[in-house]
Amino acid sequence: MKLSRSLFCLFILLAAFRSISFAQDTTKVKPAVTTTPAVTPIVPVTPVLLSTLRLGIAGMSHDHVNGILSDYQQGKVIIVGIAETDKALRTKYKERYHLPDSIFYDDLKKMCTTTKPDAVLGYNPVAKHIDVVETCAPLGISVMVEKPLAATLAQAKRMEFLALKYYIKLLTNYETTWYPSYQHVYNMASKDSIGNIRKMVVHDGHQGPKEIGCSKEFLSWLTDPELNGGGALIDFGCYGADLMTWLMEGQRPVAVTAVARHFKMNVYPKVEDDVNIVVEYPTATGLIEASWNWPFSIKDLEVFGDKGYMHAFDKNNTLTRVNDVQTNANITTALEAPLDNPVTYLQMVLKNRLLGINDRSSLKYNMIVMQILDAAKRSIAEGKRIVL
């Protein structure tokens, strides 16, 4: 009996042991099956050149130079040389855009004769634009400067003489030239959609170059009456003069009257910061309002015709009113290449010398711009209407 009871207990223990072993086996965690995600190979993107022109840069003290240097860093343009004497300025941009030492020169003529650029872009003080043309024109190298063409009408006339003598292109770059909205206004007006143009109003400017954070190198000459030729009059008045010359198809004004104000004597002691210019044509009137004293940045264009009105608020947005019917538009369609970028435009002009004669960048139109700015200066100084 005792033996039977012992065997029965042994049997129970063996059964319990097998149950525990089975449970342990079934609760073992199986290793997770890992799946390596498919890796999409990275295909390097080859930069698309905006232009095959071999470009030279004259000066780096104009803050607009950031645009072309950014294009160079992204592989969009070819820069063969940069002439800049300020070593600290060279170092600043060399580090910012990873520029090689070999690209820099102390002398513009040496840069041109060594690298032989197809064209030179001027990013130096406005009063020094003439120095770029004096160097490049005898070498047969075309030039595009940042607006305006020159600091004085006398400088502009000398530059025009050199350009014609040596058969080079001398162009002026304005930011607003590449605004789709402005082109839309021009196209509509030229099709007589709003009738004959009777009045044009252009607002241009911002809170002030110091207030918006322009570099110290830029401010050093932008606020100098000799190196820039003036203050807000030259910096922003040129936009309106250029746009009106374009809208009036190169027509020369009959008279100019201007009033300058100096609201920020403590900030800009040497130059005016606010200007209003009335430009008279035989059949129309233009009003240019240029200022370093706006409460915000502004670039807009209004055109009034016999039958309607158009307003380009900014780069893309316009309003049209014809016969009391209002139409708002957002011009999202970019300008057609190559007329959508200063470098592609420059290449087109150099390849076809008949182009770039009657447009916002042309020497012909910008000589009229300089006449308007010169008359505005004289009107301010003499306090009277200047007949051209």
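Placed above this text is the structure.
Everything in this summary refers to the structure shown in the same document. (Residues numbered from 1 in each chain as written. Predicted model: local features only at pLDDT ≥ 70, side-chain atom pairs only at ≥ 80, totals over all residues. Heavy atoms only, no water.)

A few words on the sheet that holds strand S15 (residues 386–387). The mixed open sheet is built from 9 strands, whose spatial order is S14-S13-S12-S11-S7-S10-S9-S8-S15. Only two strands of the sheet have a single partner each, and these edge strands are strand S14 (325–330) and S15. Alignment of strand S12 (residues 308–312) against strand S13 (residues 317–322), held across 5 bridges, turns out to be antiparallel. From the neighbouring strand, Ala312 faces S13, where its bridge partner is Thr318. Seen against the sheet, helix H7 (residues 180–190) touches strand S7 (197–205), strand S11 (298–305), S12 and S13 and runs at an angle of roughly 165° to S12. (Pairing = 2+ DSSP bridges. Helix = DSSP H or I, 4+ residues; strand = E, 2+ residues; numbered from the N terminus. Contact = heavy atoms within 4.5 Å. Axes fitted to C-alpha atoms, helices over the stretch in contact; angles between N-to-C directions.)

It is possible for side chains of opposite charge to pair when their charged atoms get near one another. Under the definition given, this model contains 13 salt bridges. Among the ionic pairs, Glu134 bridges to Arg158, the shortest N-O distance being 2.9 Å. With Glu134 in helix H5 (residues 129–136) and Arg158 in helix H6 (residues 153–165), the pair connects residues that are 24 residues apart, well separated along the chain. Note on Arg158: relative accessible area 33%, which makes it partly exposed. Between Asp374 and Arg378 there is a salt bridge; the shortest N-O distance is 3.2 Å. Of the two residues, Asp374 and Arg378 are both situated in helix H11 (residues 363–382); the distance of 4 residues between them amounts to about one turn of the helix. (Salt bridge = Lys/Arg side-chain N within 4 Å of Asp/Glu carboxyl O. Buried < 20%, exposed > 50% of the residue type's maximum accessible area, 1.4 Å probe, protein only.)

Within the secondary structure, Ser61 sits in the loop between strand S1 (54–58) and helix H2 (65–73). Non-local contacts of Ser61, meaning those with residues more than four positions away in its chain, are made with Glu84, Leu89, Tyr123, Asn124, Pro125, Glu217, Phe218 and Trp221.

Below, the discussion takes up the packing of aromatic side chains. For the coordinates displayed, the defined rule picks out 9 aromatic pairs. Aromatic pair Phe218 and Trp221: ring centres 5.2 Å apart, planes at 55°, arrangement tilted. Pair noted here: Phe218 and Trp221 are both in helix H8 (residues 216–222), with a separation of 3 residues, about one helical turn. For the pair shown, Phe218 and Trp221 are each scored as buried. Taken together, the ring pairs connect Tyr174, Phe236 and Tyr239 into an aromatic cluster. (Phe/Tyr/Trp six-rings, centres within 6.5 Å; stacked < 30°, edge-to-face > 60°.)

With that settled, the discussion passes to the sheet that holds strand S6 (residues 170–173). The sheet built from 6 strands is open, its strands ordered S3-S2-S1-S4-S5-S6 with parallel pairing. Strands at the two margins of the open sheet, each flanked by one partner only, are strand S3 (104–105) and S6. Bridging between strand S4 (residues 119–122) and strand S5 (residues 142–146) involves 4 bridges; their strand directions are parallel. Paired with Ala119 across the bridge in S5 is Ser142. Seen against the sheet, H2 touches S1, strand S2 (78–83) and S4 and runs at an angle of roughly 135° to S2.

Next up on the list: the packing of H5 against H6. Look at H5 against H6: their axes get within 10 Å of each other, and the N-to-C directions meet at 20°. One finds that H5 runs roughly parallel with respect to H6. For H5 against H6, the interelement crossing comes out left-handed. Contacts between H5 and H6 pair His129, Ile130, Val133 and Glu134 from the former with Gln155, Arg158, Met159 and Leu162 from the latter. (Parallel < 35°, antiparallel > 145°, perpendicular 65-115°, else oblique. Left-handed = near helix turned anticlockwise from the far one by under 90°.)

Moving on, we come to the nonpolar core. Note that soluble globular proteins tend to have their nonpolar side chains buried in a common cluster. By size, the foremost hydrophobic cluster in this structure holds 81 residues, and its most contacted members are Leu149 and Ile277. Sorting elements by how many residues they give to this core places helix H9 (residues 232–247) first, with 11 residues. Dropping the residues within four chain positions of it, Leu149 is found in contact with His129, Ala156, Met159, Leu170, Thr172, Leu363, Asn366, Met367 and Met370. In terms of nonpolar packing, the next biggest core, distinct from the first, is built from 27 residues, Leu55, Trp178, Val343 and Leu346 among them. (Core = buried A, V, L, I, M, F, W, Y, C linked by side-chain atoms within 4.5 Å.)

A separate point is the pairing of strand S8 (residues 255–261). In terms of strand pairing, S8 meets strand S9 (residues 274–280) through 7 bridges, oriented antiparallel. Looking at the pairing, Ala255 lines up with Glu280 of S9. By the bridge criterion, 2 bridges tie S8 to S15 in an arrangement that is antiparallel. When the bridges of S15 are listed, Ala255 appears paired with Val387.

With respect to the helices and strands, Ser215 occurs in the loop between S7 and H8. A polar side-chain atom of Ser215 sits 2.6 Å from a polar atom in the side chain of Asp63. Setting aside residues no more than four positions away along its own chain, Ser215 makes contact with Asp63 and Lys92. (Polar contact = N/O pair within 3.5 Å; in protein donor to acceptor, adjacent residues only side chain to side chain.)

Turning our eyes to something else, we now look at the packing of H9 against H11. One way to put it is that H9 packs onto H11 with a least axis distance of 9 Å and a crossing angle of 130°. Considering their axes alone, H9 and H11 lie oblique with respect to each other. Viewed along their axes, H9 and H11 form a crossing whose handedness is right-handed. Contacts between H9 and H11 involve Leu233, Ile234, Gly237, Cys238, Ala241, Asp242, Thr245 and Trp246 on the former and, on the latter, Tyr365, Asn366, Ile368, Val369, Ile372, Leu373, Ala376, Lys377 and Ile380. The residue makeup of the contact of H9 with H11, split by class, is 12 nonpolar, 3 polar and 2 charged. (Nonpolar A, V, L, I, M, F, W, Y, C, P; charged D, E, K, R; others polar.)

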